[in-house]
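# Per-entry structural report
Residues per chain, in single letters:
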Amino acid sequence: MKKIVVILLILLLFLPSFVSAEDEIITEEEIMQSQQDNLDINSFIEEADKYTEDVYKDIDMGELFSSAITGDIDNETIFKSILQALRRRGI
């Protein structure tokens, strides 16, 4: 009985597995757009633009979101905008 079980396990290990995948290539932009649509990020970005347009005029929230996801953040522009906002408030 043990021999039969061992032989069946060995056969199962060596059976070819079939994969049905497509050769469709999805670009990074398509993935980003899909995620923005699914999570309704565009309305969040619009609201963020409304509330920050007076303080952070140099920063585009849509561009900031895209760069944050891809890991290509322009820290210099963000720091300059924060410093300008602090100067305006007299801190």
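Keep in mind the model is a prediction, meaning the values are calculated, not measured. Counting starts from 1 at the beginning of each chain's written sequence and moves along it residue by residue. Local features in this predicted model are restricted to residues of pLDDT 70 or higher, and side-chain atom pairs are both shown and tallied only at a pLDDT of 80 or more, whereas totals for entire chains, interfaces and linings draw on every residue. Heavy atoms throughout the structure, all of them, feed into the side-chain values; hydrogens and water do not.

## Notes on the environment of Glu 63
On the secondary structure map, Glu 63 appears in helix H4 (residues 61-70). Judged by relative accessible area, Glu 63 falls into the exposed class, the value being 57%. For the pair Glu 63 and Ile 73, spaced ten residues apart in sequence, the C-alpha separation works out to 9.4 Å. Secondary structure follows DSSP: runs of H or I at least 4 residues long count as helices, runs of E at least 2 residues long count as strands, and numbering of each begins at the N terminus. For every residue, the accessible area obtained with a 1.4 Å probe (protein chains only) is divided by the maximum for its type, and the residue is called buried under 20%, exposed over 50%, and partly exposed between those limits.

## A closer look at the nonpolar core
Think of a nonpolar core as a cluster: buried Ala, Val, Leu, Ile, Met, Phe, Trp, Tyr and Cys residues, connected wherever their side-chain atoms sit within 4.5 Å. Ile 41, Ile 45, Ala 48, Ile 59 and Met 61 form the largest nonpolar core, which has five residues in total. It is helix H3 (residues 41-52) that contributes the most residues to this core, three residues altogether.

## Points about a nonpolar patch on the surface
Together, Met 1, Val 5, Leu 9, Leu 12 and Leu 15 make up an exposed nonpolar region whose accessible area comes to about 570 Å². Topologically, Leu 9 is positioned in helix H1 (residues 2-14). Put simply, a patch holds well-exposed residues, over 30% relative accessible area, that have no salt bridge, with like charges counted together within 9 Å and Val, Leu, Ile, Met, Phe, Trp or Tyr side chains within 5 Å. Methods summary: accessible areas were calculated by the Shrake-Rupley approach with a probe of 1.4 Å, and residue burial reflects only the protein chains presented. A pair is scored as a salt bridge if a Lys or Arg side-chain nitrogen falls within 4 Å of a carboxyl oxygen belonging to Asp or Glu.

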